[in-house]
Amino acid sequence: MDDPLYFSRDIAFSTFTLFYLLFSICFIFPPSAFVSAGITVQDIFSKWLGSENEQFIQYNIRRTSATVLSHSFLPLGYVIGLTQCWNSGSFVRENTLLVLFSTVASVIPLVAGYHVWVWYKNDWGGHPIAKTLSRYSNAPNNWKSVASDINVEFRRIDKTCINTGYVLKTVVTDNWIMKLMPYKMEIAHQSDISLALLEADHHVMSPDSSGSTQYLNIEVQSCRERTKPFFIRLNAVDFKDLQDKLQMPIVNLKNVVIHKTLSDKFQAVFRDQVMSNERFHSSEEFEPCIGCMQAPAEIKLQRRCIPVLGERSCVACYCRPMWCIECMAKWFASRQDQDHPETWLGSRCPCPTCRSPFCILDVSLIEDQNGSQSSTPRFEGSSQTPS
(Lines give C-alpha, C1' and ligand atoms only; values in the text may rest on other atoms or scores of the structure.)
Protein backbone atom coordinates (compact mmCIF):
# COMPACT_ATOMS: atom_id res chain seq x y z
CA MET A 1 0.00 0.00 0.00
CA ASP A 2 2.95 2.33 0.64
CA ASP A 3 4.65 1.57 -2.68
CA PRO A 4 5.26 4.92 -4.44
CA LEU A 5 4.56 3.21 -7.79
CA TYR A 6 1.08 2.16 -6.71
CA PHE A 7 0.43 5.59 -5.20
CA SER A 8 1.40 7.46 -8.38
CA ARG A 9 -0.62 5.03 -10.47
CA ASP A 10 -3.70 5.62 -8.32
CA ILE A 11 -3.25 9.38 -8.72
CA ALA A 12 -2.95 9.01 -12.49
CA PHE A 13 -6.01 6.75 -12.57
CA SER A 14 -8.11 9.22 -10.55
CA THR A 15 -6.93 12.19 -12.59
CA PHE A 16 -7.66 10.54 -15.93
CA THR A 17 -11.06 9.29 -14.72
CA LEU A 18 -12.09 12.75 -13.57
CA PHE A 19 -10.86 14.37 -16.78
CA TYR A 20 -12.59 11.83 -19.04
CA LEU A 21 -15.84 12.06 -17.10
CA LEU A 22 -15.83 15.84 -17.48
CA PHE A 23 -15.03 15.55 -21.19
CA SER A 24 -17.85 13.02 -21.72
CA ILE A 25 -20.42 15.22 -20.00
CA CYS A 26 -19.34 18.21 -22.08
CA PHE A 27 -19.46 16.14 -25.27
CA ILE A 28 -22.99 14.91 -24.53
CA PHE A 29 -24.23 18.30 -23.28
CA PRO A 30 -21.91 20.72 -25.09
CA PRO A 31 -21.22 24.05 -23.37
CA SER A 32 -20.55 27.17 -25.42
CA ALA A 33 -16.79 26.49 -25.37
CA PHE A 34 -17.24 23.08 -27.01
CA VAL A 35 -19.68 24.51 -29.54
CA SER A 36 -17.25 27.29 -30.46
CA ALA A 37 -14.40 24.79 -30.80
CA GLY A 38 -16.51 22.49 -33.01
CA ILE A 39 -16.38 19.55 -30.58
CA THR A 40 -19.95 18.44 -31.26
CA VAL A 41 -21.53 15.62 -33.24
CA GLN A 42 -22.98 18.11 -35.74
CA ASP A 43 -19.57 19.65 -36.43
CA ILE A 44 -17.56 16.42 -36.50
CA PHE A 45 -19.96 14.74 -38.96
CA SER A 46 -21.00 17.91 -40.81
CA LYS A 47 -20.01 16.61 -44.26
CA TRP A 48 -22.02 13.41 -43.85
CA LEU A 49 -25.02 15.09 -42.24
CA GLY A 50 -25.50 17.57 -45.06
CA SER A 51 -27.61 20.73 -44.79
CA GLU A 52 -30.39 20.93 -42.23
CA ASN A 53 -32.09 23.74 -44.13
CA GLU A 54 -32.25 21.74 -47.37
CA GLN A 55 -33.29 18.33 -45.99
CA PHE A 56 -34.48 18.84 -42.45
CA ILE A 57 -35.86 15.35 -41.81
CA GLN A 58 -33.00 13.44 -43.49
CA TYR A 59 -30.49 15.61 -41.65
CA ASN A 60 -32.00 14.77 -38.26
CA ILE A 61 -32.24 11.07 -39.12
CA ARG A 62 -28.50 11.04 -39.78
CA ARG A 63 -27.81 13.32 -36.80
CA THR A 64 -29.56 11.06 -34.29
CA SER A 65 -27.82 8.00 -35.75
CA ALA A 66 -24.40 9.68 -35.55
CA THR A 67 -25.14 10.77 -31.97
CA VAL A 68 -26.02 7.22 -30.88
CA LEU A 69 -22.83 5.83 -32.42
CA SER A 70 -20.59 8.59 -31.08
CA HIS A 71 -21.87 8.38 -27.53
CA SER A 72 -21.67 4.58 -27.55
CA PHE A 73 -17.88 4.78 -28.02
CA LEU A 74 -17.33 6.97 -24.94
CA PRO A 75 -17.01 4.07 -22.44
CA LEU A 76 -14.65 2.22 -24.79
CA GLY A 77 -12.61 5.38 -25.24
CA TYR A 78 -12.16 5.55 -21.48
CA VAL A 79 -10.79 2.01 -21.36
CA ILE A 80 -8.44 2.60 -24.32
CA GLY A 81 -7.19 5.85 -22.82
CA LEU A 82 -6.65 4.24 -19.44
CA THR A 83 -4.58 1.41 -20.89
CA GLN A 84 -2.54 3.52 -23.27
CA CYS A 85 -1.80 6.81 -21.54
CA TRP A 86 0.29 5.34 -18.72
CA ASN A 87 0.88 1.80 -20.04
CA SER A 88 -1.43 0.55 -17.29
CA GLY A 89 -2.86 -2.47 -19.08
CA SER A 90 -1.83 -4.73 -16.23
CA PHE A 91 -3.58 -2.41 -13.79
CA VAL A 92 -6.83 -2.88 -15.70
CA ARG A 93 -6.42 -6.66 -15.84
CA GLU A 94 -5.79 -6.81 -12.09
CA ASN A 95 -9.04 -5.01 -11.28
CA THR A 96 -12.15 -7.20 -11.65
CA LEU A 97 -14.50 -4.26 -11.93
CA LEU A 98 -12.42 -2.68 -14.68
CA VAL A 99 -12.34 -5.98 -16.58
CA LEU A 100 -16.14 -6.17 -16.39
CA PHE A 101 -16.45 -2.53 -17.42
CA SER A 102 -14.10 -3.12 -20.36
CA THR A 103 -16.24 -6.01 -21.56
CA VAL A 104 -19.44 -3.98 -21.36
CA ALA A 105 -17.75 -0.99 -23.02
CA SER A 106 -16.75 -3.20 -25.94
CA VAL A 107 -20.29 -4.54 -26.40
CA ILE A 108 -22.09 -1.16 -26.31
CA PRO A 109 -20.76 0.08 -29.72
CA LEU A 110 -21.70 -3.26 -31.28
CA VAL A 111 -25.27 -2.98 -30.01
CA ALA A 112 -25.49 0.65 -31.11
CA GLY A 113 -24.07 -0.19 -34.52
CA TYR A 114 -26.63 -2.97 -34.97
CA HIS A 115 -29.49 -0.58 -34.15
CA VAL A 116 -28.22 2.01 -36.62
CA TRP A 117 -27.89 -0.70 -39.29
CA VAL A 118 -31.52 -1.74 -38.68
CA TRP A 119 -32.56 1.92 -39.01
CA TYR A 120 -30.55 2.28 -42.23
CA LYS A 121 -32.18 -0.65 -44.01
CA ASN A 122 -34.65 0.30 -46.75
CA ASP A 123 -33.14 3.78 -47.05
CA TRP A 124 -33.66 4.68 -43.35
CA GLY A 125 -37.17 3.25 -43.39
CA GLY A 126 -36.57 1.55 -40.02
CA HIS A 127 -35.58 4.76 -38.22
CA PRO A 128 -37.99 5.90 -35.46
CA ILE A 129 -38.43 9.28 -37.19
CA ALA A 130 -39.43 7.56 -40.44
CA LYS A 131 -41.87 5.31 -38.55
CA THR A 132 -43.46 8.33 -36.90
CA LEU A 133 -43.90 10.08 -40.24
CA SER A 134 -45.48 6.93 -41.70
CA ARG A 135 -48.44 7.45 -39.36
CA TYR A 136 -49.21 10.72 -41.12
CA SER A 137 -48.90 9.30 -44.63
CA ASN A 138 -51.92 8.54 -46.79
CA ALA A 139 -50.10 5.57 -48.31
CA PRO A 140 -48.55 2.78 -46.20
CA ASN A 141 -44.88 3.36 -45.33
CA ASN A 142 -44.71 6.41 -47.59
CA TRP A 143 -42.88 8.53 -45.03
CA LYS A 144 -40.76 10.37 -47.61
CA SER A 145 -43.74 12.32 -48.96
CA VAL A 146 -44.46 13.61 -45.45
CA ALA A 147 -40.76 14.36 -44.96
CA SER A 148 -40.76 16.35 -48.20
CA ASP A 149 -43.67 18.50 -46.98
CA ILE A 150 -41.91 19.17 -43.67
CA ASN A 151 -38.66 20.02 -45.48
CA VAL A 152 -40.49 22.60 -47.59
CA GLU A 153 -42.08 24.22 -44.54
CA PHE A 154 -38.77 24.30 -42.66
CA ARG A 155 -37.13 26.22 -45.48
CA ARG A 156 -39.61 29.06 -45.02
CA ILE A 157 -38.40 32.06 -43.07
CA ASP A 158 -41.54 32.35 -40.93
CA LYS A 159 -40.88 29.16 -38.92
CA THR A 160 -40.28 29.44 -35.19
CA CYS A 161 -37.18 27.82 -33.67
CA ILE A 162 -36.77 27.86 -29.88
CA ASN A 163 -33.56 26.53 -28.36
CA THR A 164 -33.44 25.23 -24.78
CA GLY A 165 -29.74 24.76 -24.38
CA TYR A 166 -27.74 23.16 -27.19
CA VAL A 167 -29.29 19.69 -27.13
CA LEU A 168 -33.00 20.59 -27.14
CA LYS A 169 -34.81 22.58 -29.81
CA THR A 170 -38.47 23.13 -30.63
CA VAL A 171 -39.41 23.88 -34.24
CA VAL A 172 -42.90 25.07 -35.22
CA THR A 173 -43.85 25.41 -38.88
CA ASP A 174 -47.20 26.19 -40.44
CA ASN A 175 -48.55 22.67 -39.86
CA TRP A 176 -46.04 20.83 -37.67
CA ILE A 177 -44.57 21.04 -34.20
CA MET A 178 -41.32 19.15 -33.60
CA LYS A 179 -39.04 18.61 -30.62
CA LEU A 180 -35.42 17.81 -31.44
CA MET A 181 -33.38 15.78 -28.94
CA PRO A 182 -29.98 14.07 -29.18
CA TYR A 183 -31.32 10.54 -29.81
CA LYS A 184 -34.80 11.11 -31.21
CA MET A 185 -37.28 13.61 -32.57
CA GLU A 186 -40.92 14.07 -31.55
CA ILE A 187 -43.32 15.13 -34.32
CA ALA A 188 -47.00 16.11 -34.28
CA HIS A 189 -49.36 17.71 -36.77
CA GLN A 190 -50.92 20.90 -35.48
CA SER A 191 -54.43 19.84 -36.49
CA ASP A 192 -54.22 16.78 -34.21
CA ILE A 193 -52.84 18.27 -31.02
CA SER A 194 -53.99 19.83 -27.78
CA LEU A 195 -51.55 21.79 -25.67
CA ALA A 196 -51.58 22.30 -21.91
CA LEU A 197 -49.33 24.45 -19.76
CA LEU A 198 -48.57 22.21 -16.79
CA GLU A 199 -46.08 24.03 -14.60
CA ALA A 200 -43.37 26.64 -14.36
CA ASP A 201 -40.11 26.70 -12.43
CA HIS A 202 -37.86 29.60 -11.58
CA HIS A 203 -34.08 29.78 -11.51
CA VAL A 204 -32.17 32.63 -9.90
CA MET A 205 -29.30 33.63 -12.14
CA SER A 206 -26.97 34.57 -9.27
CA PRO A 207 -27.26 35.04 -5.47
CA ASP A 208 -26.59 38.76 -5.85
CA SER A 209 -29.22 39.25 -8.54
CA SER A 210 -32.91 39.92 -7.96
CA GLY A 211 -33.79 38.68 -11.43
CA SER A 212 -34.75 35.11 -12.25
CA THR A 213 -35.43 32.99 -15.29
CA GLN A 214 -38.75 31.21 -15.67
CA TYR A 215 -39.09 27.96 -17.61
CA LEU A 216 -42.43 26.55 -18.76
CA ASN A 217 -43.36 22.91 -19.28
CA ILE A 218 -46.00 22.34 -21.97
CA GLU A 219 -47.59 19.00 -22.80
CA VAL A 220 -48.31 18.25 -26.46
CA GLN A 221 -51.01 15.59 -26.74
CA SER A 222 -51.88 14.17 -30.16
CA CYS A 223 -55.20 12.46 -30.88
CA ARG A 224 -53.65 10.31 -33.62
CA GLU A 225 -53.40 6.59 -32.90
CA ARG A 226 -50.15 5.11 -31.55
CA THR A 227 -48.82 8.58 -30.75
CA LYS A 228 -47.54 9.33 -27.26
CA PRO A 229 -47.62 12.81 -25.72
CA PHE A 230 -44.39 14.73 -25.35
CA PHE A 231 -43.31 17.77 -23.40
CA ILE A 232 -41.80 21.06 -24.45
CA ARG A 233 -39.64 23.06 -22.08
CA LEU A 234 -38.90 26.66 -22.95
CA ASN A 235 -37.97 29.99 -21.47
CA ALA A 236 -40.95 32.20 -20.62
CA VAL A 237 -39.60 34.92 -22.92
CA ASP A 238 -40.14 32.55 -25.88
CA PHE A 239 -43.71 31.68 -24.94
CA LYS A 240 -45.36 34.36 -27.07
CA ASP A 241 -43.32 33.38 -30.15
CA LEU A 242 -44.53 29.80 -29.71
CA GLN A 243 -48.12 30.84 -29.11
CA ASP A 244 -48.23 33.09 -32.17
CA LYS A 245 -47.15 30.25 -34.46
CA LEU A 246 -49.53 27.61 -33.11
CA GLN A 247 -52.97 27.00 -34.54
CA MET A 248 -54.35 25.71 -31.23
CA PRO A 249 -54.45 27.68 -27.95
CA ILE A 250 -52.31 26.63 -25.02
CA VAL A 251 -54.63 25.76 -22.13
CA ASN A 252 -53.45 26.97 -18.74
CA LEU A 253 -55.03 24.27 -16.56
CA LYS A 254 -53.28 25.25 -13.33
CA ASN A 255 -53.44 29.04 -13.82
CA VAL A 256 -49.67 29.34 -14.03
CA VAL A 257 -48.59 32.97 -13.90
CA ILE A 258 -46.11 33.63 -16.69
CA HIS A 259 -43.57 36.36 -16.07
CA LYS A 260 -43.65 39.22 -18.53
CA THR A 261 -40.43 40.43 -20.03
CA LEU A 262 -39.34 44.03 -19.72
CA SER A 263 -40.25 44.55 -23.36
CA ASP A 264 -43.76 43.15 -22.79
CA LYS A 265 -44.33 45.48 -19.85
CA PHE A 266 -43.14 48.46 -21.87
CA GLN A 267 -45.38 47.55 -24.80
CA ALA A 268 -48.42 47.59 -22.50
CA VAL A 269 -47.49 51.06 -21.19
CA PHE A 270 -46.74 52.22 -24.74
CA ARG A 271 -50.19 51.04 -25.85
CA ASP A 272 -51.95 52.85 -22.98
CA GLN A 273 -50.14 56.11 -23.76
CA VAL A 274 -50.85 55.93 -27.49
CA MET A 275 -54.53 55.23 -26.80
CA SER A 276 -54.71 58.51 -24.88
CA ASN A 277 -52.95 60.53 -27.62
CA GLU A 278 -54.84 62.57 -30.19
CA ARG A 279 -56.00 60.47 -33.14
CA PHE A 280 -55.15 60.87 -36.82
CA HIS A 281 -58.25 60.98 -39.05
CA SER A 282 -58.17 59.42 -42.49
CA SER A 283 -60.62 57.61 -44.77
CA GLU A 284 -57.83 55.90 -46.73
CA GLU A 285 -57.30 52.14 -46.48
CA PHE A 286 -53.71 51.26 -45.67
CA GLU A 287 -51.66 48.19 -46.52
CA PRO A 288 -50.65 45.59 -43.92
CA CYS A 289 -47.92 46.48 -41.44
CA ILE A 290 -44.52 45.95 -43.04
CA GLY A 291 -43.17 44.63 -39.73
CA CYS A 292 -45.50 41.66 -39.18
CA MET A 293 -47.56 41.60 -42.41
CA GLN A 294 -50.59 40.61 -40.32
CA ALA A 295 -52.30 43.65 -38.81
CA PRO A 296 -53.13 46.68 -40.96
CA ALA A 297 -51.02 49.80 -40.63
CA GLU A 298 -52.64 51.74 -37.80
CA ILE A 299 -49.99 54.27 -36.67
CA LYS A 300 -49.24 57.76 -37.94
CA LEU A 301 -46.35 59.85 -36.59
CA GLN A 302 -47.35 63.48 -36.01
CA ARG A 303 -45.26 65.98 -34.14
CA ARG A 304 -47.36 67.07 -31.18
CA CYS A 305 -44.87 67.37 -28.32
CA ILE A 306 -43.70 70.77 -27.09
CA PRO A 307 -40.07 71.61 -28.03
CA VAL A 308 -37.69 72.11 -25.11
CA LEU A 309 -34.97 74.74 -25.40
CA GLY A 310 -31.46 73.36 -25.30
CA GLU A 311 -32.57 69.82 -26.06
CA ARG A 312 -32.85 67.87 -29.26
CA SER A 313 -36.49 68.12 -30.33
CA CYS A 314 -38.67 65.85 -32.40
CA VAL A 315 -38.95 66.32 -36.17
CA ALA A 316 -42.07 66.17 -38.30
CA CYS A 317 -42.44 62.84 -40.11
CA TYR A 318 -44.12 62.77 -43.54
CA CYS A 319 -44.10 58.98 -44.04
CA ARG A 320 -47.39 57.31 -44.85
CA PRO A 321 -48.68 54.87 -42.19
CA MET A 322 -46.88 51.55 -42.57
CA TRP A 323 -46.70 50.11 -39.05
CA CYS A 324 -49.06 48.61 -36.47
CA ILE A 325 -48.93 49.69 -32.84
CA GLU A 326 -47.31 46.45 -31.65
CA CYS A 327 -44.43 46.59 -34.13
CA MET A 328 -43.92 50.29 -33.45
CA ALA A 329 -43.72 49.59 -29.70
CA LYS A 330 -41.12 46.85 -30.28
CA TRP A 331 -39.12 49.17 -32.53
CA PHE A 332 -39.26 51.98 -29.96
CA ALA A 333 -38.08 49.67 -27.15
CA SER A 334 -35.26 48.22 -29.26
CA ARG A 335 -33.80 51.69 -29.89
CA GLN A 336 -33.55 52.62 -26.20
CA ASP A 337 -30.75 52.23 -23.67
CA GLN A 338 -31.30 48.69 -22.42
CA ASP A 339 -29.41 49.40 -19.20
CA HIS A 340 -31.73 52.25 -18.21
CA PRO A 341 -35.36 51.23 -18.87
CA GLU A 342 -36.59 53.99 -16.57
CA THR A 343 -35.75 56.52 -19.31
CA TRP A 344 -37.60 54.80 -22.15
CA LEU A 345 -40.92 56.65 -21.94
CA GLY A 346 -39.25 60.06 -21.96
CA SER A 347 -36.78 59.21 -24.73
CA ARG A 348 -36.93 59.62 -28.49
CA CYS A 349 -36.61 57.15 -31.30
CA PRO A 350 -35.86 57.48 -35.04
CA CYS A 351 -38.70 56.73 -37.44
CA PRO A 352 -38.09 53.23 -38.83
CA THR A 353 -38.57 54.57 -42.36
CA CYS A 354 -37.13 58.10 -42.60
CA ARG A 355 -35.15 58.26 -39.31
CA SER A 356 -36.90 61.43 -38.12
CA PRO A 357 -36.74 61.47 -34.29
CA PHE A 358 -40.06 61.22 -32.46
CA CYS A 359 -41.31 60.61 -28.93
CA ILE A 360 -44.23 58.62 -27.63
CA LEU A 361 -46.51 61.70 -27.68
CA ASP A 362 -46.11 61.87 -31.47
CA VAL A 363 -47.62 58.41 -32.04
CA SER A 364 -51.27 58.54 -33.13
CA LEU A 365 -53.77 55.82 -33.86
CA ILE A 366 -55.64 56.15 -37.16
CA GLU A 367 -59.39 56.74 -37.18
CA ASP A 368 -61.62 57.04 -40.19
CA GLN A 369 -63.65 60.16 -40.81
CA ASN A 370 -66.71 59.01 -38.83
CA GLY A 371 -64.59 58.59 -35.69
CA SER A 372 -64.24 54.81 -35.54
CA GLN A 373 -60.83 53.29 -35.09
CA SER A 374 -59.41 51.66 -38.20
CA SER A 375 -58.36 48.53 -36.30
CA THR A 376 -57.99 47.18 -32.82
CA PRO A 377 -54.45 47.13 -31.41
CA ARG A 378 -53.14 43.58 -31.33
CA PHE A 379 -51.42 43.87 -27.98
CA GLU A 380 -51.70 40.59 -26.15
CA GLY A 381 -50.73 41.58 -22.66
CA SER A 382 -53.08 38.94 -21.31
CA SER A 383 -51.52 36.28 -23.53
CA GLN A 384 -48.72 36.00 -21.05
CA THR A 385 -51.21 34.30 -18.74
CA PRO A 386 -53.32 32.25 -21.13
CA SER A 387 -56.58 30.75 -20.08
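Placed above this text is the structure.
Residues numbered from 1 in each chain as written. Predicted model: local features only at pLDDT ≥ 70, side-chain atom pairs only at ≥ 80, totals over all residues. Heavy atoms only, no water.

Looking only at helices and strands, the protein has 13 helices and 13 strands in total. Taking all 387 residues of the protein together, the buried fraction comes to 43%. Of the accessible surface of the protein, which amounts to about 21600 Å², a share of 57% is contributed by carbon and sulfur atoms. (Helix = DSSP H or I, 4+ residues; strand = E, 2+ residues; numbered from the N terminus. Buried < 20%, exposed > 50% of the residue type's maximum accessible area, 1.4 Å probe, protein only. Areas by Shrake-Rupley, 256 points an atom, 1.4 Å probe, with all protein chains shown as cover.)

In a beta sheet, neighbouring strands pair by backbone hydrogen bonds and run either parallel or antiparallel. Spatial strand order, β1-β2-β3-β4: four strands in an open sheet with antiparallel pairing. In this open sheet, the two edge strands, each paired with only one partner strand, are β1 (160–164) and β4 (185–189). Each strand of the sheet is rotated relative to its neighbour by a mean of 10°, with strand direction disregarded. Pairing of strand β3 (residues 176–180) with β4 involves five bridges; the strand directions are antiparallel. Looking at the pairing, Trp176 lines up with His189 of β4. Its contacts with the sheet put helix α5 (residues 56–72) on β2 (168–172), β3 and β4, and the angle it makes with β3 is roughly 20°. Strands in contact with helix α10 (residues 143–154) are β1, β2, β3 and β4; relative to β3, the strand with the most contacts, it is inclined by about 90°. (Pairing = 2+ DSSP bridges. Axes fitted to C-alpha atoms, helices over the stretch in contact; angles between N-to-C directions. Contact = heavy atoms within 4.5 Å.)

What follows covers the layout of surface pockets. One number sums up the size of the second largest pocket: a volume of about 400 Å³. Gln42, Tyr59, Arg63, Tyr166 and Val167 are the residues nearest the centre of the second largest pocket, which is lined by 23 residues in total. Of all the elements in the fold, those that place two or more residues in the lining of the second largest pocket are α1 (4–28), α3 (41–44), α4 (46–49), α5 and β2. Top contributing element to the lining of the second largest pocket by residue count: α5, with five residues. When its residues are assigned to classes, the lining of the second largest pocket shows 12 nonpolar, eight polar and three charged. (1 Å grid on protein atoms, 1.4 Å probe; cavity = no way out; pocket = protein on both sides within 12 Å on 5 of 7 lines; lining within 4 Å. Points joined across faces, edges and corners; volume = space filled by probe spheres on them. Nonpolar A, V, L, I, M, F, W, Y, C, P; charged D, E, K, R; others polar.)

Our focus in this paragraph is the packing of α5 against α10. Two elements in contact, α5 and α10, have axes separated by 7 Å at closest approach and are oriented at 110°. By the angle class used here, α5 and α10 are roughly perpendicular. Contacts between α5 and α10 involve Phe56, Ile57, Gln58 and Ile61 from the former and Trp143, Ala147, Ile150, Asn151 and Phe154 from the latter. Within the contact of α5 with α10, the residues separate by chemical class into seven nonpolar, two polar and no charged. (Parallel < 35°, antiparallel > 145°, perpendicular 65-115°, else oblique.)

Turning next to a nonpolar patch on the surface. Taken together, Leu21, Ile25 and Phe29 make up a surface patch of nonpolar side chains, about 310 Å² in accessible area. Along the chain, Leu21 turns up in helix α1. Judged by its relative accessible area of 49%, Leu21 is partly exposed. (Patch = residues over 30% accessible without salt bridge, like charges linked within 9 Å, V, L, I, M, F, W, Y side chains within 5 Å. Salt bridge = Lys/Arg side-chain N within 4 Å of Asp/Glu carboxyl O.)

Burial within strand β6 (residues 212–222) is extensive, with eight of its 11 residues counted as buried. Two elements, β6 and strand β7 (residues 230–235), share six bridges in a ladder whose sense is antiparallel. Considered in β7, the bridge of Ile218 is made with Ile232.

A separate point is unusual backbone geometry. In the Ramachandran plot, Asn122 falls in the positive-phi region, its phi being about 60° despite a non-glycine side chain. Along the chain, Asn122 falls in helix α8 (residues 96–124). Even without being glycine, Arg355 reaches a positive phi, approximately 70°. Inspection of the secondary structure puts Arg355 in the loop between β11 (349–350) and β12 (357–358).

Moving on, we get to helix α13 (residues 325–334). Among the 10 residues of α13, eight are classified as buried, and the element is accordingly described as predominantly covered. Looking at α13, one finds that the buried residues are Ile325, Glu326, Cys327, Met328, Ala329, Trp331, Phe332 and Ala333.

Attention now moves to empty space enclosed by the protein. Over the atoms a probe the size of a water molecule is rolled, and this reveals where empty space is left. What the rule picks out here adds up to five cavities of 30 Å³ or more. Estimates place the volume of the largest cavity at around 90 Å³. Of the residues forming the lining of the largest cavity, the biggest block, three residues, is contributed by strand β10 (residues 299–301). Of the residues that constitute the lining of the largest cavity, the class distribution is 10 nonpolar, one polar and two charged.

The sheet built from three strands is open, its strands ordered β9-β13-β10 with mixed pairing. A single partner strand is all that each edge strand has here, and the edge strands are β9 (280–281) and β10. Sheet topology note: the β10/strand β13 (residues 363–367) ladder contains three bridges and is antiparallel. Across the sheet, Lys300 pairs through a bridge with Ser364, a residue of β13.

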